[in-house]
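Below are the chains, spelled out letter by letter.
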Amino acid sequence: MSKLQQLRGGAGQINSWLLGLLAFVLPLSTSVLSVAALLILLFWLIEGNFLEKLAETLFTPPAAALLLYLALLCVGLLWTANPTEGFLALQENWKIALLPVFLTTVRHERRSFYLSCFIAGMTAAMLLTYLAWFGWVQYADVSPAHLTPKTFHVVYNPLLAFAIYLVLHEAVWGGRSSLTQAGLFALAGLMSINMFLTEGRTGQAAFFVLISFLLVQLFKKKRLQATLAVCLLVPAGGAIGYLISPVFQQRIDLALSEVSGFQENPNTSVGLRLQFCQNSLALVRQHPCLGVGTGDFRTAYAEINKNRSPQCVATDNPHNQYMLSAVMLGLPGLFTLLLIFAAMFWQASSEVDDRLRRARLAFPVFFLLIMLAESYLKVYQTAFFFALMAAVLYKKRPEQPLPGRSWLILSYRANIPGSACSQHLDDRLPHLQAKGIEPVLLTGPAGLPHPAWRHFRTVSLAPSGIRFELRHFLRRRLHKRWQFKTVETLLLLPVLPFYLLEKIVVNLESEWSWGLLASLRGLLLCSQLKPELIYSTGGSASAHAAALLIKRWTGIGWIAETQDPLVHDQGWRRSRLALLLYKNLEQRICRQADVFVFLVRAAMEHCHQRTGCGRLAVVYPGAEPSWFGQSAYRKGDRCRFAHFGSLSGTRNLAVFFQALEQVVSSRPELRGLAQVDVYGSFDSLSEREMKRLRLHDLVTVQGPVPRLEAIARIQQADCLLLVQNIIYFSCETIPSKVYEYLLADRPILGLLYNNHELEAMLRDNGHQAVPADDVQATAAAIAAILDDWAADRLTSKTAAQTWTVEAAVRRLICLSEDCGTCR
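Predicted, not measured: the structure shown is a model, and the values here were computed from it.

Caption draft 1: Highlighting the overall build of the protein chain. Along the protein chain, the regular secondary structure elements total 33 helices and 13 strands. Each principal axis of the C-alpha distribution contributes one length, and for the protein chain these read about 110 × 65 × 55 Å. Residue burial in the protein chain is summarised as follows: out of 823 residues, 54% are buried. In the protein chain, of all internal contacts separated by at least 6 residues, the share reaching a separation of at least 24 is 73%. Total accessible area computed for the protein chain in this model is approximately 35,900 Å², and 61% of it derives from carbon and sulfur atoms.

This is the structure in structure tokens:
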């Protein structure tokens, strides 16, 4: 280990202890708190590994949402009238901006230590208030009548409320011994008594809410018992505190008096807060979309206060975090603020096996409540408390390395029924595992989480990706078209201007931006799981872009497999910028990947001609033989031509229908023998041609069917139809269903376009191939098939066992073992 590595490792260890010190001094000393925070930041910088830290931050939902909120504050400087005030407002948020630093400093196994340090600090602060209450210590303005310095009760009581919750949480669910439990309950009792001796009404309200929340958690699904416990114990506790504690009684009476007298005298503690809220709401109504700008709250509020409530003092803080964010940044600011806490709820709900899950749920409840009474994300101690607790509670458990061999597989599509790109990968996973290689999937969110493998998903950042993924999400849940369209329109309307701008500037595939986050997530997974190889596939160029970056950062071996060529030498349909970008990516893959795999030899040869470099190989995907042979063919009363898959563009049935019409017109006796079954999509051009040629009685549109059902129907057809696009691109592709056709023991009629490799594949196995744009050749083939069928000469073909998924996986593993950088 080098000295630099030793220094960085030591910095991380020191920071782990410094974080405990910060948690301890948080309620005790702002000076020590600041020094500890700055030291943590210094050692965090020395430790390095910034890409991994960025990845961990982005894939921890509350931290990512906070970064979005801070980014919006920065953007708000663009329309502020006072940039100096704006930068000061940003500076006030430096404490919560430390959340990514704390998050990447926290060690998951030491979370209890950090919480214990905070409880110890709160216990010390509580003991100081008891000493003052007994009159044993007096300093500054602390006395038996006023137990906290100046306005520190605004901070102290909320922190005490959450400390009480944590102590009770540990006593109930911490798995402690009976003696330790008794001690924790006693500590919680002392803290609860102290709550009513000090003056913070916000903390007292938080105390009752958190106790109610804890009772609900304690009784779990026993709603009646939980309701009775809350309705009986909480009011009883409040009544006892009111009767016994003069401080609590005086604070409650004062608050009620100030509320009732608000109209006559708003210049009271509660009255001013109500006035601040009213005026702030008026400002939000005036500037709902963007707000007044970061830092312009003071100026804007002074103006509206002059008009609406000149008898009240103006302020630079509405004592309400929601109002402060909404006034400065409009409804987007309020939305992003709430998004932070929504992310906390989401993570707590999704990670049910975490022992701090209940505290994870309580924390956002706590902050959502107290932010009604103060802008606690800018108050010094509570801002630090927010950053620290969010880092400790929402720190994810690091992924444990898998025993044996593993591959990190990048594919935008996986576990998506009906998607050829997804099926290409899904079929291989069991075979990889059977060969002793555990697949780790990193995909987009379009497919559901795979139950059998470690499956990580990340999202796209660009408007086109957001639109694509949201539409996929809605299709899975809204099956009626009117519901889908209504919800889609409402949700995507705000994205539309940015989507149009993106398409004008960068007209790439919808998922192009997925690779940005996927590369960081992949880096983090490589650091934790230690895979021996990166394997990028799935049809999306963004998977290869992400793998390229991961390869550069880690040096791990990389196999890139392109299902469709990234670049076509003719007939390019996207922009010149897109062509330039894809050519550049292709060049980089050839230079950086250990192996660049193609599915068609022509595609590999054309790539070699363009780049002149790289280790290139062809791996035919194949199909799964075990799926075939279970559905026996039976001859029916008609010869059934069956097409499976999608139809669009120049891949349509127009030529086939024209040829069929020629056959049945010249030989009417064959009309009663032919039938065409279309499984999957049926494009508008094919439909128009069918209607024009009056072939309705011969064509049945079956629509999409599940894959295994499609396999069964393939084996029951008299003749399988294969249709290629009539474009240059067809010479570089072989449809994935070809391999299923070849295993089905049924005759195949292929309408191919300039694809000699596929033509040889069909002819060598006894099938027919005709040019996709030649109506006469197609008609002759159809007539011959109908004649053979009528004469019982349309026999089954021997299944081609050469191209199987198992053989493809075996070939990939062989290629991977030659990668020089593979361990």
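Further notes follow.
Caption draft 2: Seen up close, the sheet that holds strand 3 (residues 454–457). Taken together, the 7 strands give an open sheet; going across it, the order is 3-2-1-4-5-6-7, and neighbouring strands pair in parallel fashion. The sheet terminates laterally at strand 3 and strand 7 (616–618), the two strands that pair on one side only. Here the average twist between neighbouring strands, direction ignored, is 20°. With 3 bridges connecting them, strand 6 (residues 595–598) and strand 7 associate as parallel partners. Considered in strand 7, the bridge of Val597 is made with Ala617. Of the strands in this sheet, strand 1 (405–410), strand 4 (533–536) and strand 5 (557–562) are in contact with helix 24 (residues 541–554), which crosses strand 5 at around 170°. Running over the sheet, helix 33 (residues 805–816) touches strand 1, strand 2 (437–443), strand 4, strand 5, strand 6 and strand 7 and is turned about 105° from strand 1.

Caption draft 3: Summary view of unusual backbone geometry. Phi angles above zero are rare outside glycine, and Lys530 is one such case at about 55°. Here Lys530 shows up in the loop between helix 23 (514–529) and strand 4. Here the phi dihedral of Asn754 falls at roughly 55°; this positive angle occurs in a residue that is not glycine. For Asn754, the location among the structural elements is in the loop between strand 12 (748–752) and helix 31 (756–763).

Caption draft 4: Geometry of the pairing of strand 5. The buried count for strand 5 comes to 6 of 6 residues, which makes it a mostly enclosed element. Of the two faces of strand 5, the one carrying Gly557, Ile559 and Glu561 and the one carrying Trp558, Ala560 and Thr562 are both buried. Summarising the sheet, strand 4 and strand 5 pair through 4 bridges and their orientation is parallel. Within strand 5, the residue paired with Ile534 across the bridge is Trp558. Taking the sense of rotation as the criterion, the β-α-β connection linking strand 4, helix 24 and strand 5 turns out right-handed. Once the chain exits strand 5 it traverses helix 25 (residues 576–592) before rejoining the sheet at strand 6, and the crossover so formed is right-handed.

Caption draft 5: Seen up close, the sheet that holds strand 10 (residues 699–703). Across the sheet, 6 strands lie side by side as 10-9-8-11-12-13; this open sheet has parallel pairing. Both edges of this open sheet fall to strand 10 and strand 13 (768–771), since each of them pairs with a single strand only. Direction aside, the axes of adjacent strands within the sheet are offset by 25° on average. Bridge count between strand 12 and strand 13: 4 bridges; the pairing is parallel. Across the sheet, residue Gly750 finds its bridge partner in strand 13, namely Ala769. Across the sheet, helix 31 lies against strand 11 (719–723), strand 12 and strand 13, angled at about 165° from strand 12, the strand it touches most.

Caption draft 6: Structural view of the nonpolar core. Phe102, Phe162, Phe363 and Phe367 are the most contacted members of the largest nonpolar core, which totals 117 residues. Ala603, Met604, Cys607 and Leu722 belong to the second largest nonpolar core, which has 66 residues in total.

Caption draft 7: Expanded view of helix 26 (residues 601–611). Every buried residue of helix 26 is listed here: Ala602, Ala603, Met604, His606, Cys607 and Thr611. The inward-facing, buried residues of helix 26 abut helix 25, strand 6, strand 7 and helix 31. Note on helix 26: the residue one or two positions beyond its end, Gly612, has a positive phi of about 70°.

Caption draft 8: View of the pattern of salt bridges. All told, the structure shown has 31 salt bridges when counted by the stated rule. Across the pair Arg707 and Asp427 runs a salt bridge, and its minimum N-O distance is 2.7 Å. Placement of Arg707 in helix 29 (residues 707–716) and of Asp427 in the loop between helix 18 (420–426) and helix 19 (429–434) is noted, with a sequence separation of 280 residues between them. A residue is classified by how much of its surface remains accessible, and Asp427, at 12% relative accessible area, is buried. For Arg667, the salt bridge goes to Glu669, with nearest N and O atoms at 3.2 Å. The exposure class of Arg667 is partly exposed, given its relative accessible area of 27%.

Caption draft 9: Fine view of empty space enclosed by the protein. Overall, the coordinates contain 1 cavity of 30 Å³ or more when judged by the stated rule. Approximately 30 Å³ is the volume attributed to the largest cavity. Considering the residues around the largest cavity, the lining is formed by Thr650, Asn652, Ala654, Val655, Val723, Gln724, Ile726, Leu751 and Ala772. Looking at the lining of the largest cavity, its residues break down into 6 nonpolar, 3 polar and no charged.

Caption draft 10: The packing of aromatic side chains, seen in detail. A full pass over the atoms with the stated rule returns 41 aromatic pairs. Here Phe367 and Phe385 contribute two aromatic rings whose centre-to-centre distance is 6.3 Å and whose plane-to-plane angle is 20°, an arrangement assigned as stacked. Taken together, the residues span a long stretch of sequence, with Phe367 in helix 16 (residues 357–370) and Phe385 in helix 17 (residues 380–393) at a distance of 18 residues. We note that Phe367, like Phe385, is buried. Put simply, the rings of Phe118, Phe162, Tyr165, Phe341, Phe363, Phe366, Phe367, Phe385, Phe386 and Tyr394 pair up and form one aromatic cluster. The ring of Tyr499 has Arg467 lying over it, and the distance from NZ or CZ to the ring centre is 4.8 Å. Taking the ring centre of Trp789 as reference, the NZ or CZ of Lys635 above it sits at 4.3 Å.

Caption draft 11: Looking closely at the packing of helix 15 (residues 321–350) against helix 16. One can describe the packing of helix 15 onto helix 16 by two numbers: an axis separation of 8 Å at closest approach and a directional angle of 165°. The pairing of helix 15 with helix 16 is recorded here as roughly antiparallel in orientation. Considering the relative orientation of helix 15 and helix 16, their crossing is left-handed. Where helix 15 abuts helix 16, its residues Tyr322, Leu338, Phe341, Met344, Phe345, Gln347, Ala348 and Ser349 lie against Arg357, Arg360, Leu361, Phe363, Pro364, Val365, Phe367, Leu368 and Leu369.

Caption draft 12: Local environment of a nonpolar patch on the surface. Residues Leu4, Leu7, Val35, Leu39, Leu42 and Ile46 make up a contiguous nonpolar surface patch of about 490 Å² in total accessible area. Contributing elements (two or more residues each) for the nonpolar patch: helix 1 (3–25) and helix 2 (30–47). When residues of the nonpolar patch are assigned to their parent elements, the largest contribution, 4 residues, is made by helix 2.

Caption draft 13: Layout of the environment of Asn279. Note that Asn279 resides in helix 13 (residues 269–286). In this structure the C-alpha to C-alpha distance between Asn279 and Ala302, which are 23 residues apart in sequence, comes to 9.8 Å. When sequence neighbours within four positions are dropped, the list of residues in contact with Asn279 reads Tyr301, Ile304, Asn305, Arg308 and Ser309. For Asn279, the side chain forms a polar contact with the side chain of Ser309, separated by 3.0 Å.

Caption draft 14: Local environment of the pairing of strand 11. Strand 11 sits mainly inside the fold: 5 of its 5 residues count as buried. Taking every second residue as pointing to the same face, both faces of strand 11 are buried, with Cys719, Leu721 and Val723 on one and Leu720 and Leu722 on the other. Here 3 bridges tie strand 8 (residues 639–644) to strand 11, and the two strands are oriented parallel to one another. Within the sheet, the bridge partner assigned to Ala642 lies in strand 11 and is Leu720. With 4 bridges connecting them, strand 11 and strand 12 associate as parallel partners. When the bridges of strand 12 are listed, Val723 appears paired with Leu751. You can see the chain leave strand 11, run along helix 30 (residues 737–742) and come back into strand 12, and the turn it takes is right-handed.

Calculation rules
Residues numbered from 1 in each chain as written. Predicted model: local features only at pLDDT ≥ 70, side-chain atom pairs only at ≥ 80, totals over all residues. Heavy atoms only, no water. Helix = DSSP H or I, 4+ residues; strand = E, 2+ residues; numbered from the N terminus. Buried < 20%, exposed > 50% of the residue type's maximum accessible area, 1.4 Å probe, protein only. Contact = heavy atoms within 4.5 Å. Areas by Shrake-Rupley, 256 points an atom, 1.4 Å probe, with all protein chains shown as cover. Pairing = 2+ DSSP bridges. Axes fitted to C-alpha atoms, helices over the stretch in contact; angles between N-to-C directions. Right-handed = clockwise from strand over helix to strand, strands pointing away. Core = buried A, V, L, I, M, F, W, Y, C linked by side-chain atoms within 4.5 Å. Salt bridge = Lys/Arg side-chain N within 4 Å of Asp/Glu carboxyl O. 1 Å grid on protein atoms, 1.4 Å probe; cavity = no way out; pocket = protein on both sides within 12 Å on 5 of 7 lines; lining within 4 Å. Points joined across faces, edges and corners; volume = space filled by probe spheres on them. Nonpolar A, V, L, I, M, F, W, Y, C, P; charged D, E, K, R; others polar. Phe/Tyr/Trp six-rings, centres within 6.5 Å; stacked < 30°, edge-to-face > 60°. Lys NZ or Arg CZ within 6 Å of the ring centre and 35° of its normal. Parallel < 35°, antiparallel > 145°, perpendicular 65-115°, else oblique. Left-handed = near helix turned anticlockwise from the far one by under 90°. Patch = residues over 30% accessible without salt bridge, like charges linked within 9 Å, V, L, I, M, F, W, Y side chains within 5 Å. Polar contact = N/O pair within 3.5 Å; in protein donor to acceptor, adjacent residues only side chain to side chain.

So far we have only geometry, and geometry alone does not tell us how the molecule works.
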